[in-house]
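Chain by chain, the residues run as shown.
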Amino acid sequence: VKKLALIALVLVAYGATLFAEPTVVRYSRWAGGSETEMFQALVDSFNSTVGKEKNITVKFEPLPWGAYWEKLRTTVLAGDAPDVISLSNAGENGSYLTRGVFLPLNKEAGMADAVKDLAKPAVESLTVNGKYLGLPIGLGVRAMVYNKALLKEAGLAMPDPVKPMTWEQFMKMSEKLSKKGADGKFTQYTLYCSMDEMVDSVCNQYGVQMTDSKSKPSKVTVNTKDGIAALAFIQDLYKKNVCPPNTGEWQTAWGTPDNAIATGKVAFMLSGPWGLPTVKQANIDFGTCPVPVFAGKEKFRATRGYINGIAVYKGSKAKDGALEFVKWLTSKAGQLEFTKTGDLPANTAALAEAQKNADKVYTNGTPEQYKAYFADLPYVTTAWNLPTSEWTSLFSNTMLDMYKLAATPAATAAKLEKEGNLLFAEMWD
Amino acid sequence: MKAHTRLEWNRNRYGYAYIMPWVIGFLAFSLLPMLSSLYISALKWDGLTEKTFVGLGNYIRLLGLEKKSTTSVLFWRSLQHNFLFMVFSGFGGLVLSLLMAAVMNEKVRGHNFFRVLFFLPSLTVPVAFGLMMQPIFAQGAGSGYQTGVINWFVTLFGGKEINFLGDPKLGIWTMIIISYWTVGSGMIVFMAGIAGLPKSYYEAAQLDGAGWWSRFFNVTVPLLTPVLFFQTIMALIGGLRILDLAVSLAGMGDPTKTNMGANDSLATLVYFLYKKGFRDWKMGEAAAIGWFIFLIGLVFTVAILVYMRRQNNDGAAGVEGV
């Protein structure tokens, strides 16, 4: 009887493990359109492999870009954030990294190994006081994407996919690419991009940093001879009709920075690999090339990029499952799956493989079309990582007057310096 | 005395029981959050990390009493926008809706159709309304492709496009004009008020040879005073709380859009409160803005009520005098 009872007990225990409810991990991220399907496939890949083995089910909670950050803010304040949170320094990383929202990963099992294989600068961007508060999974790079038909129509040669042209050459091309219709209104422009991001890159290309630090700035450093020259170049893009006039809002006629060439009325856009599916869907024959450089200033080559990361919410009730997902997503296997979504992987081994076998890894473009992203990757500078949005507001408002030709570059630099310095003094007070 | 109290208690206990759910609701969901927000307004706090007591620091910073800052500049701009909105949208809308109600009351031809037509926009959700207005007031900046309807007309006659939504000097005026689309709801309230006025006053005025304007100013307006006061208070409170229209016109949602419209042209106090609390993580400053809104609303409401009471007393004295 005792033996039978023991066998029954073992069977019950075994059965309990067999039919135990899986640990459900909530993973939230911004995604829209085909991206949602790609990320669902990534999650399914985890669930059917490591998840199945360890009885973990990751539930993907996608939201449009803006709604994602709005919801994250309120769920974090309410203490009900998802277990695995997506981060991007194009979003609001700084707000969370400085406020103890994420679980420090340093002491968690297996994390030291995971970190070892990731691009060091990307890891550092999510590290605060030596604590890994998040890990990078993707490296977003902006490069020039152009509409081949419009260049051909203008009788222009296709740019080199790896060697950057100079801005002087680009401005020359613009003379043939920005066109007016019979009524005198522009029907085609050379470039449409997020100019606030371009300003930062162009300043860098002049060897100027806009502020003395991007994570804890104390002063604005753009009010110099070179800084003003960089701003004057930006204003020229509007004066010479390289870009459509800037009203402070995206103008649907020219699309957005990530799909402008799909309108057929813009020759170049400054976008990352995430912009390629839309262009492909619009049946636009496109090429990519690195962001131009200034002649004689090649050593200051720069483009805007982003680090996409993931973090585990400090109040997570499924911490172990969340950590397993993070480990998998930063491993080579997980990173090669992630690469299918379009970004360049942060895992160095996966990055090398993606570069070598781009034809097998990427589905949104040809290896030739991905060359510019790999070429621009070492020159990436990232956005500010600040605890509030005040600098972004001030920057955006001040620059807008310059884009609209209502303020000179010198006045803009002086205003940024005066008001920015005051703001930073208050920010860290 | 004791017996008297017990008797009173016995008599009133059901009354107390009936009002208790409301009292509990008021204490838990109004008074307690208000006191909590008063406490938060005295803190430097982001909602997550440790709190620092700063006393009146947030109020001083908002007002720019110690030094001018971007925060104080935006606070004063928001306040100015709210006052403009209260005066021109609140009072302006009131005058417009009263006139419309008086005209509709004349039973002009097709008045039922116009009554429905004027009221319909009030049924639209303000956010949807804001989104709807963007293509009307948008600036195409000479692109010729997505110029708003008004700018299309402006350019048609050789004019230069106007940046209705992005110019800090124009943004609030655009919002005020847009708000006139919903004066139909005020019109309905005034129509109900006018319908309740004794017809004999109008007949007497007409016999005395009073014209339409004379009847309007000397009969309709004085007799509608209680409704007018009620509508004024509602308009003031509404003007102070304006948010949804501004947010939808500014297209805030994208985290890269951190300002209240281009150049903060659509800044209002509640919008600034939202930005401070949920964009800049400054819960103390946000709570202080909330208290400014409350105090401004309180001052205006009390002033109107005192004025109304005096008017009533004067009226009563006048009657006695006769």
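Residues numbered from 1 in each chain as written. Chains lettered and ligands numbered in written order. Predicted model: local features only at pLDDT ≥ 70, side-chain atom pairs only at ≥ 80, totals over all residues. Heavy atoms only, no water.

Q: What is the right way to read helix α11 (residues 225–239) of chain A from this model?
A: Residues that lie three or four places apart on an α-helix share one face, since the helix turns once every 3.6 residues. Residues and elements named next belong to chain A. Counted at 1.5 Å a residue, the expected span for α11 with its 15 residues is 21 Å, and the 20 Å between its end C-alpha atoms agrees. Every buried residue of α11 is listed here: Gly 227, Ala 230, Leu 231, Phe 233, Ile 234, Gln 235, Leu 237 and Tyr 238. Against the buried residues of α11 lie α9 (167–177), α10 (195–205), α18 (390–403) and α19 (409–427). Within two residues after α11, Asn 241 carries a phi angle of roughly 60°, on the positive side. (Helix = DSSP H or I, 4+ residues; strand = E, 2+ residues; numbered from the N terminus. Expected span 1.5 Å × (residues − 1). Buried < 20%, exposed > 50% of the residue type's maximum accessible area, 1.4 Å probe, protein only. Contact = heavy atoms within 4.5 Å.)

Q: What's the story with the pairing of strand β11 (residues 286–289) of chain A in this structure? I'm lost.
A: The two faces of a sheet get side chains in turn, since along a regular strand they alternate between them. Residue and element names in this part refer to chain A. Of the two faces of β11, both are covered, the one formed by Phe 286 and Thr 288 as well as the one formed by Gly 287 and Cys 289. As defined by bridge partners, strand β7 (residues 143–147) adjoins β11 across four bridges and the pair is classed as antiparallel. Residue pairing in the sheet places Tyr 146 in a bridge with Gly 287 of β11. (Pairing = 2+ DSSP bridges.)

Q: Please clarify how the packing of α10 of chain A against α18 of chain A should be interpreted in this entry.
A: For any two helices packed against each other, one specifies the crossing angle of their axes together with the interaxial distance. Residues and elements named next belong to chain A. The interhelical angle for the contact between α10 and α18, taken along N-to-C directions, is 90°, at an axis separation of 10 Å. Classified by the angle between their axes, α10 and α18 sit roughly perpendicular to one another. Across the interface between the two elements, Met 195, Asp 196 and Val 199 from α10 touch Phe 395, Ser 396, Met 399 and Tyr 403 from α18. The residue makeup of the contact of α10 with α18, split by class, is five nonpolar, one polar and one charged. (Axes fitted to C-alpha atoms, helices over the stretch in contact; angles between N-to-C directions. Parallel < 35°, antiparallel > 145°, perpendicular 65-115°, else oblique. Nonpolar A, V, L, I, M, F, W, Y, C, P; charged D, E, K, R; others polar.)

Q: I'm lost on the pattern of salt bridges in this one. Help?
A: A side chain of one charge can pair with a side chain of the opposite charge when the charged atoms of the two come close. Residues and elements named next belong to chain A. Per the stated rule, a full pass over the model turns up 30 salt bridges over all chains. In this structure, Lys 54 engages Glu 324 in a salt bridge whose closest nitrogen and oxygen atoms are separated by 3.1 Å. Placement of the pair is Lys 54 in helix α3 (residues 50–54) and Glu 324 in helix α13 (residues 319–330), with a sequence separation of 270 residues. For Glu 324, a relative accessible area of 18% gives the class buried. For Lys 327, the salt bridge goes to Glu 324, with nearest N and O atoms at 3.4 Å. (Salt bridge = Lys/Arg side-chain N within 4 Å of Asp/Glu carboxyl O.)

Q: How should the packing of aromatic side chains be read in this particular structure?
A: Summed over the entire model, instances satisfying the criterion amount to 51 aromatic pairs over all chains. Both rings, one in Trp 9 of chain B and one in Tyr 16 of chain B, keep their centres 5.5 Å apart while their planes meet at 20°; by these two values the pair is stacked. In this structure Tyr 16 of chain B comes out as partly exposed when scored by relative accessible area, which is 39%. Taken together, a centroid distance of 6.0 Å and an interplanar angle of 25° make the contact between Phe 114 of chain B and Phe 118 of chain B stacked. In this pair, Phe 114 of chain B and Phe 118 of chain B are both assigned in helix α4 (residues 111–119), four residues apart and thus about one turn of the helix distant. Following the ring pairs from residue to residue traces out a cluster consisting of Tyr 27, Phe 39, Phe 46, Phe 60, Phe 325, Trp 328 and Phe 338 of chain A. (Phe/Tyr/Trp six-rings, centres within 6.5 Å; stacked < 30°, edge-to-face > 60°.)

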